Amino acid sequence: METVSSRRITASIKRSPLLAVSFATCCAIPGVALLTWGVNPLTGALGVFNIFLYTCCYTPLKRISIANTWVGAVVGAIPPVMGWTAATGSLDAGAFLLGGILYSWQFPHFNALSWGLREDYSRGGYCMMSVTHPALCRRVALRHCLALIGLSTAAPILDVTTWTFPAISLPINLYISYLGFRFYTDADRKSSRKLFFCSLWHLPLLLLLMLTCKQPPGYFLRRTWHRNVWKEHLQRLQPRNL
């Protein structure tokens, strides 16, 4: 339940944009500082970039262009990438794969949600696909449902998971793709609601399956060791210049 103090803060922010900016700055600076010095500079840099992307790109674009949805998907994909860099200290294939899954998932999730709010977005002056390009809205949602199948298949190819992951995640990826297809063909509130509610359980289940199928501990170290040994072996086989 909303408290009296929180209602007062919300009302004050609505009355004063300067107060809103000041409050956001007071939260952002210590947050980025904690990420930089408490975790690592790469994670802190990603935090700064995401704050910039959200405030200076995504938010203004909402009233200008439907490109806001693609920019917003990047904003939503960066936090899990930050979690990866916090744990590993690097932007490797696993970070981009995890970000890609979150990026694609957001299109069926948000496009289905916005479909039922088209009138509200229109009255509010927001430029959304569901309002200005309804066919594109449905097509993009279906496209990224199918992309989740490809991204799940890429996980073992990139050595992030075992081959069990694309196999056991295929049923839920096919199901959300089926609902994406129904949303694309039916173009009604019923199909959009089904796709939206499916997206709510699909992502946590997909990530849980990904976690259970991750490569075993020490796998990457063993892989690096074997690669180095093989490289040394090839160097020894090369004829030496006398």
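Identification of the protein as Heme O synthase from Rousettus aegyptiacus is taken from an unreviewed UniProt entry. Per UniProt, the comment on the protein under Subcellular location (unreviewed entry) is "Membrane".

A. Summary view of the pattern of salt bridges. One pass over the structure, following the stated rule, counts 3 salt bridges. Its salt-bridge partner being Glu119, residue Arg189 comes within 3.0 Å of it at the nearest N-O pair. Linking Arg189 in helix H10 (residues 189-212) with Glu119 in helix H6 (residues 118-124), this pair joins segments that are 70 residues apart in sequence. Classification of Arg189 as partly exposed rests on a relative accessible area of 35%. The shortest N-O distance in the salt bridge between Asp186 and Arg182 comes to 2.9 Å. Here Asp186 and its partner Arg182 are both found in helix H9 (residues 164-186), 4 residues apart, which amounts to about one turn of the helix. Using a relative accessible area of 33% as the deciding quantity, one classes Asp186 as partly exposed.

B. Representation of a nonpolar patch on the surface within the structure. A surface patch of nonpolar side chains, amounting to about 590 Å² of accessible area, comprises Tyr175, Tyr178, Trp201, Leu205, Leu208 and Leu211. Where the nonpolar patch is concerned, the elements lending two or more residues are H9 and H10. Tracing the sequence through the fold places Leu211 in helix H10.

Definitions and limits used
Residues numbered from 1 in each chain as written. Predicted model: local features only at pLDDT ≥ 70, side-chain atom pairs only at ≥ 80, totals over all residues. Heavy atoms only, no water. UniProt positions renumbered as here; feature names shortened; annotations may be inferred. Salt bridge = Lys/Arg side-chain N within 4 Å of Asp/Glu carboxyl O. Helix = DSSP H or I, 4+ residues; strand = E, 2+ residues; numbered from the N terminus. Buried < 20%, exposed > 50% of the residue type's maximum accessible area, 1.4 Å probe, protein only. Patch = residues over 30% accessible without salt bridge, like charges linked within 9 Å, V, L, I, M, F, W, Y side chains within 5 Å. Areas by Shrake-Rupley, 256 points an atom, 1.4 Å probe, with all protein chains shown as cover.

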